[in-house]
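A closer look at the structure
Each chain, letter by letter, is given below.
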Amino acid sequence: MLSSKTKITFYLTLLIISLLFINDTVAVGAAGKTYYYDTNGRLVNEALHSNEIMEYQYDLNGNVKRKFRSNNMLVNPNFELNASRATDIASGWDKWSDTGSALFQVIPASVVSTSVAQKVSASNMRLGTAAWLLQDVTVKGNLPVLFNGDISIESINKAKVSLCIQYFDAANTLLSQKTVDYPSGFSNSYMTLSLTDITPPQTVRARVHVGIRTEEGGGSGAFYVDNMVFRYDTAGNLLNNPSFENNLSGQKEISESWSRWSDSGGSLLQVVSSPVTSGVRAQKLTTPTMKSGGASWLFQDVVVGTNVPISANGNIYVDQLTSAKVYIVIQFFDEKNKFLTQQSVDYPTGILKKYMTLALNTTTPSDAVRARVHVGIQAIAEGGNGSIYVDHMALSHDPQRNMLSNPSFDTNSMANVGAADSWQTWSDTGNHTFQVVSPLQTANTYGQKFTSANMKKNGAAWLLQDVVVSGNKLVEFKGNILVESTVQTKVALAIQFFNRDDILLSEKYAEYPVEVLQKFSMLALTERTPSDAVRARVHVGLQATAAGGSGTFYVKQMILKYSE
């Protein structure tokens, strides 16, 4: 479809060019890393060898407040940087076309990021021709990747708007490619289109494309694209900006790629820095006094497949709630934009001031092409109101129907230090460290590494997550674990159940076999939730059997699901 002739624009070089537009300073370090400074001389970005960006944030006194890692491997994904002030393509991007009528424009438009979007248009296209916006990225082989972006079609005729990934080896040989099309019948509003794949084993470079292609003569079309993402992603999260980190202006009420709807005036949306479970930002929603049945929603439209299992979840923190409920809702629409059906799940009332994962599992209708994913507050009586924080939303095609957030530890904004996003730690003993390693030598995925030493007898150290559950349900909790070493310790899973008053109802443990070392094996436990349970706390960790206990293990792909 495309020429395999290379025009490799190295990642760091492109970033150097792009940052000139906003008057930042760029410096290249001795180790080949590239550093970016704002007009005040503060380090704002560090380009890592892994094609990831470390972002630095400062307090009012100029001290580093937090740093976090972006796993998006694309340069200038929001098209805001334009070093040459060009009018055709934004910095860091390239174009390819075999039709002379193609037009590329960087223009102010209806956007989901800050101020501009990239427009691609073509007319009188010959059979089999295309016009692509593209970027080359260095990648590793045999790894799960996700490529997505927010797309709005202005017009389309005898053509398709598509995402495409091509993979090349070290000899620049095209290994394979994969394409996904934007559904017909939708125009003038943004939807997130995603492509998930596994890189071929010999891959060293991926060329990612978004553009127009035609399968018959006379094709034409025009579309806008914004907020592109290309990342390693085991879970295949279809949402764009799921952790609300992209907020380029720093002043917006709503984080990029998300929209709002309310039938109760005066609802307040804020991008905040605390409390968070992923990265350094979360989305806050506060509603005023609402009529009975009134609601305020944060939502995103996503292209989905038909008749496939799908899971939506998010980390929710209820600050205050009166005569109202907090929900996650998914609505499905067909290719004619006709509403088909919806599913919802509500957050248990009475639980305040802590993050819990709320999950919804369902199957897309046979004729669905679009899902609208909502999180918000709905009044159940006159005067209903509330305030919530939301972080790390996810939507994925998931036959496992997993209820955990960030189950594969892919999202790790703290640069391999500590627990992965959405997870917490607890310990009453010893010295322990948590690291997210990528990839594990024995498996091309992310994983959580845990090391503990000098533990007291019967002491424990845990990685954990709180999840909303229903009562009287059979649940299965399991994880893929590799034990490197244990001395007077046991690697274990644990699950605890709590009621609305936060009283512990029951708990159950499962121990990893001590004779199994240096290979991944599944450890699982099954238990029925008590009838009045509303929360499960799931754990994986180390328990000491004697003073001085120590150990090291890895865990990947944790699962919590209903078994009936």
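In what follows, the structure referred to is the one given above.
Quick look at the structure, then.

Our next topic: the pattern of salt bridges. Here the structure, examined in full by the defined rule, presents 20 salt bridges. When the shortest N-O distance is used, the salt bridge between Asp-88 and Lys-95 registers 3.0 Å. Taking the relative accessible area as the measure of exposure, Asp-88 reaches 25% and is therefore partly exposed. Overall, the relative accessible area of 37% leaves Lys-95 in the partly exposed class.

We now examine the environment of Asn-499. One can find Asn-499 in the loop between strand E31 (489-498) and strand E32 (504-511). When sequence neighbours within four positions are dropped, the list of residues in contact with Asn-499 reads Leu-505, Asp-532 and Val-534.

What follows covers the sheet that holds strand E6 (residues 94-97). The strand order across the open sheet built from five strands is E6-E9-E14-E11-E12, with neighbouring strands paired in antiparallel fashion. The two strands at the open ends of the sheet, each matched to only one other strand, are E6 and strand E12 (174-181). Between one strand axis and the next, the sheet turns through 25° on average, direction left out of account.

By the element assignment, Leu-360 lies in strand E23 (residues 355-363). Note: C-alpha distance between Leu-360 and Asn-402 (42 residues apart in sequence) is 9.2 Å. Excluding its chain neighbours within four sequence positions, the residues that come into contact with Leu-360 are Ile-310, Ser-311, Ala-312, Ile-328, Ile-330, Gln-343, Ser-344 and Val-345.

The next subject is the pairing of strand E29 (residues 460-468). Along any regular strand the residues' side chains alternate between the sheet's two faces. In terms of residue burial, E29 counts as a mostly covered element, since nine of its nine residues are buried. Residues of E29 alternate between two faces, with Ala-460, Trp-462, Leu-464, Asp-466 and Val-468 on one and Ala-461, Leu-463, Gln-465 and Val-467 on the opposite face, all of them buried. With four bridges joining them, strand E26 (residues 424-427) and E29 adopt antiparallel strand pairing. Counterpart to Gln-424 in the pairing with E29 is Leu-464.

Backbone torsion omega between Ser-274 and Pro-275 reads -5°, so that peptide bond is classified as cis. Here Pro-275 shows up in the loop between strand E17 (268-272) and strand E18 (282-290). The phi angle at Ser-257 is positive, at roughly 80°, despite the residue not being glycine. By the element assignment, Ser-257 lies in the loop between strand E15 (219-232) and strand E16 (259-262). The exposure class of Ser-257 is buried, given its relative accessible area of 7%.

How each quantity is defined
- Residues numbered from 1 in each chain as written.
- Predicted model: local features only at pLDDT ≥ 70, side-chain atom pairs only at ≥ 80, totals over all residues.
- Heavy atoms only, no water.
- Salt bridge = Lys/Arg side-chain N within 4 Å of Asp/Glu carboxyl O.
- Buried < 20%, exposed > 50% of the residue type's maximum accessible area, 1.4 Å probe, protein only.
- Helix = DSSP H or I, 4+ residues; strand = E, 2+ residues; numbered from the N terminus.
- Contact = heavy atoms within 4.5 Å.
- Pairing = 2+ DSSP bridges.
- Axes fitted to C-alpha atoms, helices over the stretch in contact; angles between N-to-C directions.

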